[in-house]
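The chain contents come next:
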Amino acid sequence: MTAGPAAAAPGPAGTAARALTSPPAWAVAAAAAALALVPLGVRDAFFLNALITVFLFGTVAQAWNIIGGYAGQISFGHAVFFGLGAYAAAVLLKEVGLSPWLGMGAGAGIAVLVSLAIGYPTFRLRRHFFALATLALGEIVRILFLNWSFVGAAVGFYLPLEYRNRPGYLMWDSKVPYYLVSLALFGSATLLVALLDRRRAGVYLRAINQDEDAAAMLGLAARRYKLYAMALSAALTSLAGTIYALYVLYIDPYNVMPGRLSLLAVVMALIGGRATVTGPVLGAFFIVLLNEYTRSWLGGGGRGADFILFGALVMLVSIREPGGLVGWLVRAGARTQPAAIPDPDPPPATPQNAAPVPSPVTPPDATSSPVRAVAPHPAARSALPAPVLLRVAHLSKRFGGVQAVRDVSFDVYRGEICGLIGPNGAGKSTLFDCITGFTRPDAGAVHLDGMLLSGREPYQAAWAGLARTFQAMRIFPELSAWENLMCAQEHRGEGLWTASVRTDPPEVRRRGCELLQQFGLWPLRDLPAGALSFGQQKLLSIAIAVLRKPRLVLLDEPAAGVNPVLVDAIAQHLRRLNDAGLTLLVIEHNMDLIMHLAHRVVFMAGGEIVAIGPPEAIQRDETVRELYYGR
Ligand code: ADP
Ligand code: MG
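As a starting point, this report considers the structure included with it. Quick caveat: nothing in here was measured; it's all calculated off a predicted structure.

As for the coordination of the magnesium ion (ligand 2)
And then number 1: Around the magnesium ion (ligand 2), the protein contributes the donor atoms Ser 429 (OG) and Gln 471 (OE1), which lie 2.1 Å from the metal centre. Of this pair, Ser 429 sits in helix H18 (residues 428-436) while Gln 471 sits in the loop between strand S8 (466-468) and helix H20 (481-486), placing them 42 residues apart in sequence.
And then number 2: On the basis of relative accessible area, Ser 429 is assigned to the partly exposed category, the value being 22%.
And then number 3: For Gln 471, a relative accessible area of 39% translates into the label partly exposed.

In structure tokens:
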């Protein structure tokens, strides 16, 4: 792995806090190089042993961090992957004299296969099924090895000592080579996480963790990403297991796949600070050194006492500082130096030092011009009928006794703004769910540009060119506004490895800058999206939906719950986006807004379409007036 230039990091430059939580690759490499000098000065065996343990268990914590921290899939079974790495290399060395450097690869391969076998079925379900499955995996594999006589069953076996100090066999009398090898592994694991963190894959994993449905609607194939994170995590863990086996030279199930290691990995990552690069590093030093030194003080009588302490620490951390040690450092740092909002890259056209957090967002032209009357549809100007973009045919959906959508058919034409209105409970949101694949309709078909959409997953609908906002706010609260936007880029045909190593394409970043400036969110780009005001979040959710210029954007009540000034601003943004060529299907409760915005209006009530037509006609329609206003 090469230490890629840190300057290639995506999005805006890092803040001081970001430098603490996710240092650039060169800083990780420099720290590892400094640690490599330690054995020159210190030869104390107890100390070196403690650090080797820090590095090996730290690698497990860092590996756990990829799946448990970034992807948010809590694993209680990482000891299995550690043990598989240990057993595979040890058995291959003992039976056929294969160098552990090669055996390591075999162990990693087996660990990857096992991790995929556990992830593939459980990632379909929501997260606790995965946690339970890993817990069961830990028990099952340990019992299997305890009874498998070929690998020594419960008695275990010693590694053949005749390979000691032979080049290429990873087995030495001195502790120093083990120190260096385990440090190299820990450093590489941390470097890998540092790269992931700053590249697209890390942001995508965090997005999937925070809101899987919203991520799917952006075209992120969540399960694939989770499997990828899981495989990477299992492989790294198994490498640590191999080195551990070669270090202790003796292996049995209690030694190389203890349940306590699975727990330690969780504890180290949580106490250090999960979903950060430095968290598991701090956690590993803190926990392992605490563990080693308390054990030596307490002697044999301390067994179990350490876990009471860790349990208390985890409770303390989750109550007082959910960000862990790193979160605590960041907060301590923030008190001493106020962080400035950094300049982005590429630079914007507008002033860069605008005051942050104007609330509510009021684009400069919002107050001066009221919502203007609807423009004629492009097709009306050209006198040719616009081609059908979305065709909904005989769509029905029933929830128990409620017929939410009943035999709904309508078209959306390319280039128009189509309004979808109707009283609460009319079935509008359910219709969106059916179109975008979140709900499987009981009957009917949806075609986008002639392509059948119904029956597909939401991420496939996104790939086909659909984008959507949700009635309830669905943004990624812990990602910055900028990262939220970058998650919304085109994911169709994107390889996992490509996403891991490449930064955001310049044209995507340019469009992101443009949109943030247009929407008045530019000064807020580095704030966590969850810290924005409600109106700002609404604007951000629209920016997210339109970033990749999808064929059709479905907006579910984009102006609900915001103040009247912002309603006008949103209307103008939507019109401008439409002028630029985007086709919109907009659910809205605000009759005035939709009357001024839409070229055509579909009116729904009781799951059925009651009327379709130009806004003025809908507004005058007797049935509509009765159903909507009750008169
Ligand atoms: P609208 O968006 O027009 O206000 P919805 O599509 O949200 O309406 O809801 C239409 C009807 O379907 C309502 O009666 C609602 O209670 C029902 N409904 C929606 N989603 C579900 C669900 N997941 N389970 C059961 N009933 C649902
Ligand atoms: Mg709704």
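A short note on the site of ligand 1
And then number 1: Taken together, Phe 399, Val 402, Ala 404, Asn 424, Gly 425, Ala 426, Gly 427, Lys 428, Ser 429 and Thr 430 are the residues near ligand 1.
And then number 2: Here an oxygen atom of ligand 1 sits 3.1 Å away from a polar atom, N or O, in the main chain of Ala 426.
And then number 3: Starting from 560 Å² of accessible surface for ligand 1 in isolation, the protein chains cover 59%.
And then number 4: Elements represented by at least two residues in the shell around ligand 1 include exactly strand S4 (402-413) and H18.
And then number 5: The greatest single-element share of the shell around ligand 1, amounting to three residues, is contributed by H18.

Considerations on the environment of Ala 153
And then number 1: Looking at the secondary structure, you find Ala 153 in the loop between helix H7 (127-146) and strand S1 (157-158).
And then number 2: Under the relative-accessibility criterion, Ala 153 is labelled buried at 16%.
And then number 3: Sequence separation of Ala 153 and Ile 143 is ten residues, and the distance between their C-alpha atoms is 9.2 Å.
And then number 4: Once residues lying within four places of it in the same chain are set aside, the contact partners of Ala 153 are Phe 145, Leu 146, Asn 147, Trp 148 and Pro 253.

What to know about unusual backbone geometry
And then number 1: Unusually for a residue other than glycine, Ala 153 sits at a positive phi of about 45°.
And then number 2: The phi dihedral of Glu 557 falls on the positive side, at around 50°, and the residue is not glycine.
And then number 3: Structurally, the position occupied by Glu 557 is in the loop between strand S9 (552-556) and helix H24 (564-579).

So, the packing of aromatic side chains
And then number 1: Per the stated rule, a full pass over the model turns up 20 aromatic pairs.
And then number 2: Between the aromatic rings of Phe 123 and Phe 130, the centroid separation amounts to 4.8 Å while the plane-to-plane angle is 35°, which identifies the pairing as tilted.
And then number 3: Residue Phe 123 is classed as buried on the basis of its relative accessible area, which comes to 2%.
And then number 4: Considering the side-chain rings of Trp 172 and Tyr 178, the 5.1 Å spacing of their centres and the 80° angle between planes classify their relative orientation as edge-to-face.
And then number 5: Taking the relative accessible area as the measure of exposure, Tyr 178 reaches 2% and is therefore buried.
And then number 6: Grouping aromatic residues by their ring pairs yields a cluster made of Phe 55, Tyr 179, Phe 186 and Phe 285.
And then number 7: Sitting over the face of the ring of Trp 522, Arg 525 holds its NZ or CZ atom 4.2 Å from the ring centroid.

What counts, and at which threshold
- Residues numbered from 1 in each chain as written.
- Chains lettered and ligands numbered in written order.
- Predicted model: local features only at pLDDT ≥ 70, side-chain atom pairs only at ≥ 80, totals over all residues.
- Heavy atoms only, no water.
- Donors = N, O, S within 2.8 Å, 3.2 Å for Na, K, Ca; no water.
- Helix = DSSP H or I, 4+ residues; strand = E, 2+ residues; numbered from the N terminus.
- Buried < 20%, exposed > 50% of the residue type's maximum accessible area, 1.4 Å probe, protein only.
- Near = heavy atom within 4 Å.
- Polar contact = N/O pair within 3.5 Å; in protein donor to acceptor, adjacent residues only side chain to side chain.
- Areas by Shrake-Rupley, 256 points an atom, 1.4 Å probe, with all protein chains shown as cover.
- Contact = heavy atoms within 4.5 Å.
- Phe/Tyr/Trp six-rings, centres within 6.5 Å; stacked < 30°, edge-to-face > 60°.
- Lys NZ or Arg CZ within 6 Å of the ring centre and 35° of its normal.

These values are about where atoms sit, not about what they do.
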